[in-house]
Amino acid sequence: MTDPAPAPRADLPRGPLLGFAAGSLGMGVWVTVPGLLLLYFLTDVLAVTPWLAGLVLLAPKVVDVLAHPWVGHLSDAGSARRGDRRRLLLAGCALPAAFAALFAVPGGLAGAAAAGWVAAWFVAGNLLFAAYQVPYLATPADLRIGYHERTRLMAFRMVVLTAGILVSGLLAPLLAGGDAATRGGYQRMGLLLGVAAGVAMLAGVAGIGRLRQRAGVTAHRHAPGGWPALAAALRDGQFRWLVAAYLAMSTTTHLVLAGVPYYAEYELGRPALTTVLVAAFVAPALLVTPVWLAAARRVGKQRALLVAQGAFAVGSLVLAAGAPAGLPVLVAAVAVLGIAFAGMQLLPFAMMPDVIRAAGGTGAGTYAGVWTATEATGAALGPYAFALCLTAGGFVASTGGQVVDQPDAAGAAIRYGFGLLPAALMLAAVLLQRRYTLDGAARAAG
């Protein structure tokens, strides 16, 4: 099927593009900080056993799998009635309150009780995140822009998102207290980063309005909502392969993110290296995103994405060697992961609106809802998989400030969970991604 109206070829002005991308600053806080610190917060500050901590991160995602496609339907219905997706976006701007509450665990709670508090607020935050992210990601498919301009739009988003991930990833451990993190420190961190995220998300809502005015919006027939719309999206073979590959990618990157504090403390013996590894993982994206954009223009998004996935797998194998490889080599390997991560954040998100437009452009919200449910599932499966590695190695949970001698098996579990498992998962992503065949046709259609 072809687009209902010709897509303009002219580049969009940078102002509207930056306005759209601003919302990713706020989303970057939610994507990064729980993924980086929540598992560690549960096991090493709240004394939650690893298997229960992993379950706390996994169980709320069951709600996401059901809720995100429905949020997508609500987004489509709102767009059909009012011509925009603004109401859901504004509702999602309450996310920072849930983020702050997530780390504000009352002092009397520990163990299973503390896990219950975190789980409840994690569910609330994920629902609010869906209310913002689903209409946000449906926006590129709404606009009258072509194949390459959709990639350029998502490149702006990627750079700003990376800045949010980098800043929050570096600040969160420091605000929580660094090597001497406490409950009070985590509470302070949640409040300060929550306020910053709220400001950025509101700026994103305004930016989307400007972008729609400048680019124009393609008129779509309104697709049926609810289960029929969900079934139509899942019947789309190209979308299924892309989503399956992205699930493997999301699981892998969130596993690595959750493992960073453990790898820094128990493998490298220096908890302060958490910020170094996070910087090495995220910072390269600020430099190489234009390179991935150029690669997508030259060889197509699909081929460029396969290169990114392969590079991530190779870098992960180096990390499995652990401390004997030497810190410079390990930091360089993490930087390779970061370069690949940049491509895996830009290219799939630019391919998703291509799929929607190839399907006629209807039900963009539902497609985006399935996509964000997949991302949320990966964000839970990654830390859960690493938590299972900890459990298998006999890792001992503790409270903040308590020193525990971990068994040798726990160290091996951390090392291989941080290296070998991500490499295997990324190989699965490559095999799935090769089944996606739309890219050449989408590129020709423009």
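Residues numbered from 1 in each chain as written. Predicted model: local features only at pLDDT ≥ 70, side-chain atom pairs only at ≥ 80, totals over all residues. Heavy atoms only, no water.

- An unreviewed UniProt entry lists the chain under the name Na+/melibiose symporter, with Micromonospora carbonacea given as the organism.

**Brief notes about a nonpolar patch on the surface**
- A cluster of nonpolar side chains, contributed by Val159, Leu286 and Leu287, occupies part of the molecular surface with about 260 Å² of accessible area.
- Tracing the backbone through its elements, the reader meets Leu287 in helix 12 (residues 284-299).
- Classification of Leu287 by relative accessible area gives exposed; the value is 67%. (Patch = residues over 30% accessible without salt bridge, like charges linked within 9 Å, V, L, I, M, F, W, Y side chains within 5 Å. Areas by Shrake-Rupley, 256 points an atom, 1.4 Å probe, with all protein chains shown as cover. Salt bridge = Lys/Arg side-chain N within 4 Å of Asp/Glu carboxyl O. Helix = DSSP H or I, 4+ residues; strand = E, 2+ residues; numbered from the N terminus. Buried < 20%, exposed > 50% of the residue type's maximum accessible area, 1.4 Å probe, protein only.)

**Re the packing of aromatic side chains**
- Using the criterion set out here, one finds 20 aromatic pairs in the structure.
- Ring centres of Phe41 and Phe103 lie 5.4 Å apart, and the angle between their planes is 55 degrees; on these two criteria the pair is classed as tilted. Pair noted here: Phe41 is in helix 1 (residues 14-44) and Phe103 is in the loop between helix 5 (95-102) and helix 6 (111-142), with a separation of 62 residues, a long-range link. Here Phe41 and Phe103 have matching classes, each one buried.
- Taken together, a centroid distance of 5.6 Å and an interplanar angle of 80 degrees make the contact between Tyr262 and Phe395 edge-to-face. (Phe/Tyr/Trp six-rings, centres within 6.5 Å; stacked < 30°, edge-to-face > 60°.)

**Brief notes about the packing of helix 1 against helix 5**
- Two elements in contact, helix 1 and helix 5, have axes whose closest approach is 12 Å; the angle formed by their N-to-C orientations is 15 degrees. One way to sum up the angle between helix 1 and helix 5 is to call them roughly parallel. Handedness of the helix 1/helix 5 crossing: left-handed. Here Val29, Trp30, Val33, Pro34, Leu38 and Phe41 of helix 1 lie close against helix 5, whose contacting residues are Leu95, Phe99 and Leu102.
- Of the residues contributing to the contact of helix 1 with helix 5, the split by class is 9 nonpolar, no polar and no charged. (Axes fitted to C-alpha atoms, helices over the stretch in contact; angles between N-to-C directions. Parallel < 35°, antiparallel > 145°, perpendicular 65-115°, else oblique. Left-handed = near helix turned anticlockwise from the far one by under 90°. Contact = heavy atoms within 4.5 Å. Nonpolar A, V, L, I, M, F, W, Y, C, P; charged D, E, K, R; others polar.)

**Some points on the side chain of Asp236**
- Along the chain, Asp236 falls in the loop between helix 9 (226-235) and helix 10 (237-267).
- Lacking a salt bridge, the buried Asp236 has Arg240 as its closest oppositely charged neighbour, with an N-O distance of 6.8 Å.
- Discounting residues that sit within four places of it in the chain, Asp236 has contacts with Val355, Ala359 and Tyr367. (Lys, Arg positive; Asp, Glu negative; His and termini not counted.)

**What to know about the domain arrangement of the chain**
- What the domain assignment lists for the chain is domain 1 (14-217) and domain 2 (231-445).
- The straight-line distance from the C-alpha centre of domain 1 to that of domain 2 is 18 Å.
- At the interface, 58 residues of domain 1 touch 65 residues of domain 2.
- For the interface between domain 1 and domain 2, the tally reads 1 salt bridge.
- For the salt bridge of Arg150 with Asp354, the shortest nitrogen-to-oxygen distance reads 2.8 Å.
- Applying the counting rule to domain 1 against domain 2 returns 12 residue pairs in polar contact (both at pLDDT 80 or more).
- Counting only elements with at least two residues in the side of domain 1 that touches domain 2, the list comes to helix 1, helix 2 (50-58), helix 3 (60-82), helix 6 and helix 7 (147-175).
- For the side of domain 1 that touches domain 2, the residue count by class is 35 nonpolar, 13 polar and 10 charged. (Domains from an automatic or database assignment. Polar contact = N/O pair within 3.5 Å; in protein donor to acceptor, adjacent residues only side chain to side chain.)

**With respect to the environment of Cys93**
- Tracing the sequence through the fold places Cys93 in the loop between helix 4 (86-92) and helix 5.
- What makes Cys93 buried here is its relative accessible area of 15%.
- Along the backbone, Cys93 and Gly23 are 70 residues apart, and their C-alpha atoms lie at a distance of 9.8 Å.
- Those residues in contact with Cys93 that lie beyond four places of it in its chain are Tyr132, Met201, Leu202 and Val205.

**Focus: the packing of helix 12 against helix 14 (residues 327-358)**
- It is the contact of helix 12 with helix 14, at a shortest axis distance of 9 Å, that shows an interaxial angle of 50 degrees. The angle between the axes of helix 12 and helix 14 places the two elements in the oblique class. Note on packing geometry: the crossing formed by helix 12 with helix 14 is right-handed. Facing Pro284, Ala285, Val288, Thr289, Trp292, Leu293 and Ala296 of helix 12, the residues of helix 14 in contact are Ala335, Gly338, Ile339, Ala340, Ala342, Gly343, Leu346 and Leu347.
- Class assignment for the residues of the contact of helix 12 with helix 14 results in 12 nonpolar, 3 polar and no charged.

**Quick look at helix 15 (residues 364-392)**
- In a regular helix each residue adds 1.5 Å, so 29 residues correspond to 42 Å; helix 15 covers 42 Å between its end C-alpha atoms and thus fits that length.
- Of all the 29 residues making up helix 15, 23 are buried; the element is thus mostly covered by neighbouring parts of the structure.
- The first or second residue beyond helix 15 is Gly394, which carries a positive phi of 75 degrees. (Expected span 1.5 Å × (residues − 1).)

**Notes on the pattern of salt bridges**
- Evaluated as defined, the whole model comprises 7 salt bridges.
- A salt bridge links Arg85 to Asp142, with the shortest nitrogen-to-oxygen separation between them at 2.8 Å. Residue Arg85 is located in the loop between helix 3 and helix 4, and its partner Asp142 is located in helix 6; the two are separated by 57 residues in the primary sequence.
- Arg85 gets classed as buried once you look at its relative accessible area, which sits at 7%.
- Put simply, Asp76, Arg85, Asp142 and Arg212 are held in one network by salt bridges that share partners.

**Structural notes on the environment of Leu420**
- In this fold, Leu420 is placed in helix 16 (residues 408-433).
- For the pair Leu420 and Pro261, spaced 159 residues apart in sequence, the C-alpha to C-alpha distance is 17 Å.

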